[in-house]
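Coordinate analysis (summary)
Take a look at the letters that make up each chain.
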2 protein chains.
Amino acid sequence: MTTTKFINVHDEKLTIEQWGNLIESLDGKNMDAAIFNVDDKDDREYDAIFLGGGAGGRFGSACLRAMGGRQLIIDRWPFLGGSCPHNACVPHHVFSDCASELMLQRTFSGTLWFPNMDGVVTSIKDVVDLFRRGRTGPHAMMNYQSKEQLDLEYVLNAPGRIVDRHTVEVAGRRFTAKNLVLGLGARPQALDIPGSGLKGVYSNVSLVETLDYEPSDTIVVLGGGKTAVEYGSFFSATGRRTILIVRTKCLKLIPDAEIRTYVLERMKEQGVELWEGSEALRIEDDGKDGVEAVIVRTPDGEKRIETNFVFTALGEVPNSEMPARALSVKVGPSNEILVNSQLQTSVPNVYAIGDLIGAPMEMFKARKSGMYAARNIMGVEAHYEPKDFPDFLHTHYEVSWLGLSEAEARARYKNVVIIKIPPNSPDGLNAALPASDRTMLYAMAKPHMSGYQKLVIDGDSRRVLGAHHVGYGAKDAFQYLNVLVKQGLTVDDLGEMDELFLNPTYYIQLSRLRSGCQHLADL
Amino acid sequence: MTTTKFINVHDEKLTIEQWGNLIESLDGKNMDAAIFNVDDKDDREYDAIFLGGGAGGRFGSACLRAMGGRQLIIDRWPFLGGSCPHNACVPHHVFSDCASELMLQRTFSGTLWFPNMDGVVTSIKDVVDLFRRGRTGPHAMMNYQSKEQLDLEYVLNAPGRIVDRHTVEVAGRRFTAKNLVLGLGARPQALDIPGSGLKGVYSNVSLVETLDYEPSDTIVVLGGGKTAVEYGSFFSATGRRTILIVRTKCLKLIPDAEIRTYVLERMKEQGVELWEGSEALRIEDDGKDGVEAVIVRTPDGEKRIETNFVFTALGEVPNSEMPARALSVKVGPSNEILVNSQLQTSVPNVYAIGDLIGAPMEMFKARKSGMYAARNIMGVEAHYEPKDFPDFLHTHYEVSWLGLSEAEARARYKNVVIIKIPPNSPDGLNAALPASDRTMLYAMAKPHMSGYQKLVIDGDSRRVLGAHHVGYGAKDAFQYLNVLVKQGLTVDDLGEMDELFLNPTYYIQLSRLRSGCQHLADL
């Protein structure tokens, strides 16, 4: 066992800036110094130890604490918040913001105030470096908020070792609790082909941790889901030839076919190459442990793509090995820890939450599963099953959806009415509306780029069945709109709302144009 | 009377592109050619003539038509949609998008892919020209949609003359109807000081209609409300010294004091000069009918500002003169036509809608008042009074609000709880959160610029009383959130929602962090 330094912060009030400095002095450098924010004067037993201080562990802890319980978070990183601010949601949003900005710059290259971008390849490493310097900010905020505002106890920068279902050892100290909540997250699915261990093969995690050179002008992305497209769109927007190698079809998860087509067409228009029905066979090295080329099986035969940068986005694997070994909790076919709707594992008093319990690996599920575990621990029986939730992804655009696609609706309802914009017309997408914040220049000069949106309605009950949006500024709305749709929102309800024009979702005004109709018709 | 050419489009199906070409051939050029989309084979009497085809007239017509009625819109412009796409909401959004983009470019000047913007003054005229070329797109769409999808009848590019309360003459033809709906809109309040008639004094209308030179490096804006700030922020973002001359206080309409302070501080940080308690006394000419300087009374005495460009944003005046003269409808103190909650004027069978009936001159009110007038005309008694609506404006940011400010809430409730981010801390605004789409680069490098938001809650009932947001991507959400708040949304309801992280509004997750508390506390 190594010597461990104890940094006791419990009786200090660190500012956000001081937290930032402390985190930066430790992160990835001093794994032998543990941060202790533990109330040693409190002799109550812990109601729960949360192993992992990511979204689930932190929100679960907050809930448990708010309900009057005592909790302890243990995390190997020197900050709370988990992978989201460190290598997942936050960098994804940074890169997606850059993709949107670069698409705008390239579209208006050499006009207005935009520089000529013809043939300009912008740096990926500079954006990664900017993120690396900046991510301490959210980290520091999580630690500050958790201690000063939420009154949580935690031990950071030290891995916890499960001794038994009530005991965890961390930095040489043993802590016991009535319950153990596992929130150990997931990791990128590793690539398993010859050459996958070479430097130059990255996941979203290793990209922001280890990139130390500028990728070549051609980039290969393996995968066709959210992460592949989010990062691939950014790589493409930097001016690089970007090829997505997709085993089946790209972005199958977008439910509505027309929306999916619009999204894919805009990606292709920006130069992203989608090689569907293809598979990477092996990666060739450059003789110096780096990547020189990727060999791909395509429907047209084997192809060799020269590149020094391969990005893998093959899904996420729950980190269930350690708890499975220590506690023999039951694990499912995707490596996820199996839980019931009370977030209880197969072992009494052991709960699991977040990405560790499998799909959907989304922020709301991580946080809410933590909260529901806390309720059950505190004696308030509560069942959680994520369903009927809205969803989104980024290309160069923001894409949001909820409820049924047009095809799903037609399979279930006789009288489906579609309200969409641009409308069906001989002009196709060559219409300046929709347009709103962040798409106004497109609307004025490149109308087919200003977005696409659709509302799916049951014409008989007049209820909204689904909503779909490509553009910007609608993702947040989908959170609230989803609640209204689940309440039974109708075209007539929408027509009575107060829009903030030019609103990113045109649903209110378009519905109003039809709400007077006894028999609803498409628009 | 002039000779009028009749362009009969009723039996043709013009595409959006064809509509665009026709509008461009007429707009501001051929006032003697009227577009007729009238069903001469239909011998039913019109239920209503809508005088003015802006938001109110068009949506009112759509509603009346949907309810089985017959309507006719008459508008002086060759397109429907009114001032919004021509010189109001749409150009405002174009300029505000540019302001946001330019702030980003200047903040990251010389880093990443951003060019060095030090001392660079970008063209205002180029953006105006871009808008002028582009606005035909939305115009064409309105005409297409209204005819092909909504089945409306209209006469365009010809002013209507009211003969009596059932009769309007347009392009030499007389039309009669059971009812007349006035939707003639409003115009910018004219400046009334010496020199206000000089070329170089612009409103939002004349700016996009007549600007034919590049404004000087100093710009004077008269006003401190939405329009003044929206256009002033854009002028400032182009790199010009921009001075807002405000009679009292700038942006008094932002209800929450902290939010207002954040907004004003960011404007000042971008270089906008706010001269509050000041008033323009006269405008000096340059000897060629242009502007040379503005003389301003300030709290520190009279000042002279050299500029060739003055932008006035002094409010809007309803265009009630013509109908008041023709019909003797009653007019209120702000030149607005007085209506009851059924949109009926003082003259039987004459309704008035939209900006013509006064504040709030917002899109939703224009459209909904048209819709409610239509219902009453069609025999469905319906009362409309705009209230408890969300609101927004643009600086370089998007600012949205609904419900009560913190101070308003404290005046009415004993136990007000505030949830906000950045939180109260010794670090003030120097915290990287909130952050979301369009603010990620700020969050990483200039955290105080990444936004500010607040939820105002009654701690006893746990209900949300108000929400306030500065950033981007939340405006659309406020439309739906407002409905939920009016339903009685609580902190606990928010905690159960599914966020799309990184969501522009952090209300869901922040509420969740407190929803477990029996006694709510600030966060």
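Residues numbered from 1 in each chain as written. Chains lettered and ligands numbered in written order. Predicted model: local features only at pLDDT ≥ 70, side-chain atom pairs only at ≥ 80, totals over all residues. Heavy atoms only, no water.

In this section: the overall build of chain A. Broken down by element type, chain A carries 16 helices and 24 strands. Taken over C-alpha atoms, the radius of gyration comes to 25 Å for chain A, in line with the 24 Å a tight globule of 523 residues would show. Across its three principal axes, chain A shows a C-alpha extent of roughly 75 × 65 × 45 Å. A fraction of 66% describes how many contacts in chain A between residues 6 or more apart in sequence connect residues 24 or more apart. Taken as a whole, chain A presents about 18,200 Å² of accessible surface, with 47% of it coming from carbon and sulfur. (Helix = DSSP H or I, 4+ residues; strand = E, 2+ residues; numbered from the N terminus. Rg over C-alpha atoms; globule rule 2.2 N^0.38 Å. Contact = heavy atoms within 4.5 Å. Areas by Shrake-Rupley, 256 points an atom, 1.4 Å probe, with all protein chains shown as cover.)

Our focus in this paragraph is the packing of helix H14 (residues 475-487) of chain A against helix H14 (residues 475-487) of chain B. Remark: H14(A) packs on H14(B), axes separated minimally by 8 Å, with the N-to-C direction vectors making an angle of 40°. Between H14(A) and H14(B), the angle falls in the class oblique. Considering how the two elements wind past one another, H14(A) and H14(B) form a crossing that is left-handed. Every residue of H14(B) that contacts H14(A) at A:Asp476, A:Ala477, A:Tyr480, A:Leu481, A:Val483, A:Leu484 and A:Gln487 is listed here: B:Asp476, B:Ala477, B:Tyr480, B:Leu481, B:Val483, B:Leu484 and B:Gln487. The class makeup of the residues in the contact of H14(A) with H14(B) is 10 nonpolar, two polar and two charged. (Axes fitted to C-alpha atoms, helices over the stretch in contact; angles between N-to-C directions. Parallel < 35°, antiparallel > 145°, perpendicular 65-115°, else oblique. Left-handed = near helix turned anticlockwise from the far one by under 90°. Nonpolar A, V, L, I, M, F, W, Y, C, P; charged D, E, K, R; others polar.)

In this section: the interface of chain A and chain B. When the parts of a complex come together, some accessible area is lost, and that lost area is often taken as the interface size. Facing the 108 residues of chain A at the interface are 107 residues of chain B. In total, about 9,300 Å² of surface goes out of reach between chain A and chain B, with carbon and sulfur atoms giving 67% of it. Here B:Asp437 and A:Lys475 are joined by a salt bridge, their closest N and O atoms 2.7 Å apart. With 11 residues, H14(A) is the single largest residue contributor to the side of chain A that touches chain B. Within the side of chain A that touches chain B, the residues separate by chemical class into 61 nonpolar, 24 polar and 23 charged. (Buried area = accessible area lost by both parts, 1.4 Å probe. Salt bridge = Lys/Arg side-chain N within 4 Å of Asp/Glu carboxyl O.)

This part is about the confidence of the model for chain A. Model confidence for chain A is summarised by a mean pLDDT of 97, while 99% of its residues fall at 70 or above. In the predicted assembly, ipTM is 0.98 and pTM is 0.98. (pLDDT = per-residue confidence, 0-100.)

A side chain with one charge can pair with a side chain of the opposite charge if their charged atoms come near. All names here are of chain A. Under the criterion given, the structure shown has 84 salt bridges over all chains. In this structure, Glu148 and Lys147 form a salt bridge, with 2.9 Å as the shortest nitrogen-oxygen distance. Glu148 gets classed as partly exposed once you look at its relative accessible area, which sits at 23%. On the accessibility criterion, Lys147 (9% relative accessible area) is buried. A salt bridge links Lys268 to Glu265; the nearest nitrogen and oxygen atoms lie 3.6 Å apart. With Lys268 and Glu265 both in helix H9 (residues 257-269) and three residues apart, the pair spans about one turn of that helix. One network of salt bridges, with partners in common, ties together Asp256, Glu258, Glu406, Arg410, Lys420 and Lys454. (Buried < 20%, exposed > 50% of the residue type's maximum accessible area, 1.4 Å probe, protein only.)

Relative to chain B, chain A is turned by 180° and slid 0.0 Å along the rotation axis, the superposed coordinates differing by an RMSD of 0.0 Å. On this basis, the relationship between the two copies can be described by a two-fold rotation axis. A shared binding surface is used by both copies, with 99% of the interface residues of chain A retained as interface residues in chain B. (Least-squares fit on C-alpha atoms with pLDDT ≥ 70 in both.)

This brings us to the sheet that holds strand E15 (residues 291-298) of chain B. All names here are of chain B. Reading across from one edge, E14-E15-E16 is the order of the three strands in this open sheet, with antiparallel pairing throughout. Each having just a single partner strand, strand E14 (279-285) and strand E16 (301-306) make up the two edges of the open sheet. Neighbouring strand axes in the sheet, compared pairwise and without regard to direction, differ in orientation by 20° on average. Bridging between E15 and E16 involves six bridges; their strand directions are antiparallel. The residue of E16 that forms the bridge with Val294 is Ile305. (Pairing = 2+ DSSP bridges.)

Moving on: the packing of aromatic side chains. Tallied over the entire structure, the rule returns 46 aromatic pairs over all chains. Judged by centre distance (4.7 Å) and plane angle (35°), the ring pair of A:Trp113 and A:Phe114 falls under tilted. We note that A:Trp113, like A:Phe114, is buried. Taking the centre distance of 5.3 Å and the plane angle of 20° together, the rings of B:Trp77 and B:Phe79 count as stacked. (Phe/Tyr/Trp six-rings, centres within 6.5 Å; stacked < 30°, edge-to-face > 60°.)

Time to look at unusual backbone geometry. A negative phi holds for most residues other than glycine; trans holds for most peptide bonds. For the bond from A:Leu433 to A:Pro434, the omega torsion is 5°, close enough to zero to count as cis. With respect to the secondary-structure elements, A:Pro434 resides in the loop between strand E22 (416-421) and helix H13 (440-445). The omega angle of the peptide bond from B:Phe501 to B:Leu502 is -5°, so this bond is cis rather than trans. Residue position: B:Leu502 is located in the loop between helix H15 (491-495) and helix H16 (507-515). Located in the positive-phi region is A:Asp388, a residue other than glycine, with phi close to 55°. With respect to the helices and strands, A:Asp388 occurs in the loop between helix H11 (363-377) and strand E20 (391-394). The phi angle at B:Leu112 is positive, at roughly 45°, despite the residue not being glycine. Here B:Leu112 lies in the loop between helix H4 (89-107) and helix H5 (125-134). What makes B:Leu112 partly exposed here is its relative accessible area of 24%.

For the rest of this paragraph, the subject is the pairing of strand E12 (residues 241-246) of chain B. Residues and elements named next belong to chain B. Of all six residues in E12, five are buried; the element is thus mostly enclosed. Handedness of the β-α-β unit built from strand E11 (residues 218-222), helix H8 (residues 226-237) and E12 comes out right-handed. With four bridges connecting them, E12 and strand E13 (residues 273-276) associate as parallel partners. Bridging across to E13, Ile243 finds its partner in Glu273. (Right-handed = clockwise from strand over helix to strand, strands pointing away.)

Our next topic: the side chain of A:Thr167. Residues and elements named next belong to chain A. Summarising the element assignment, Thr167 is placed in strand E7 (residues 167-170). At 2.8 Å, the side chain of Thr167 forms a polar contact with the side chain of Asp164. Not counting the four nearest positions on each side in its chain, Thr167 is found in contact with Arg161, Ile162, Arg174, Phe175 and Thr176. (Polar contact = N/O pair within 3.5 Å; in protein donor to acceptor, adjacent residues only side chain to side chain.)

Another aspect to go through is the sheet that holds strand E21 (residues 398-403) of chain A. Residues and elements named next belong to chain A. A sheet is described by the order of its strands in space; here five strands give the open sequence E20-E21-E24-E23-E22, paired in antiparallel fashion. The sheet is open, and its two edges are formed by E20 and E22, each paired on a single side. Averaged over all neighbouring strand pairs, the angle between strand axes comes to 10°, with direction disregarded. In the sheet, strand E23 (residues 452-458) pairs with strand E24 (residues 463-471) via seven bridges, with the strands oriented antiparallel. From the neighbouring strand, Val456 faces E24, where its bridge partner is Gly466. Of the strands in this sheet, E21, E22, E23 and E24 are in contact with H9, which crosses E23 at around 175°.

Below, the discussion takes up the environment of A:Asn319. Residue and element names in this part refer to chain A. Within the secondary structure, Asn319 sits in the loop between strand E18 (316-318) and helix H10 (321-327). With 191 residues separating them in the primary sequence, Asn319 and Val128 have C-alpha atoms 25 Å apart. For Asn319, the contacting residues outside a window of four places in its chain are Leu184, Gly185, Ala186, Arg187 and Leu356. Among the polar contacts listed, one links the side chain of Asn319 to the backbone oxygen of Leu184, at a separation of 2.9 Å.

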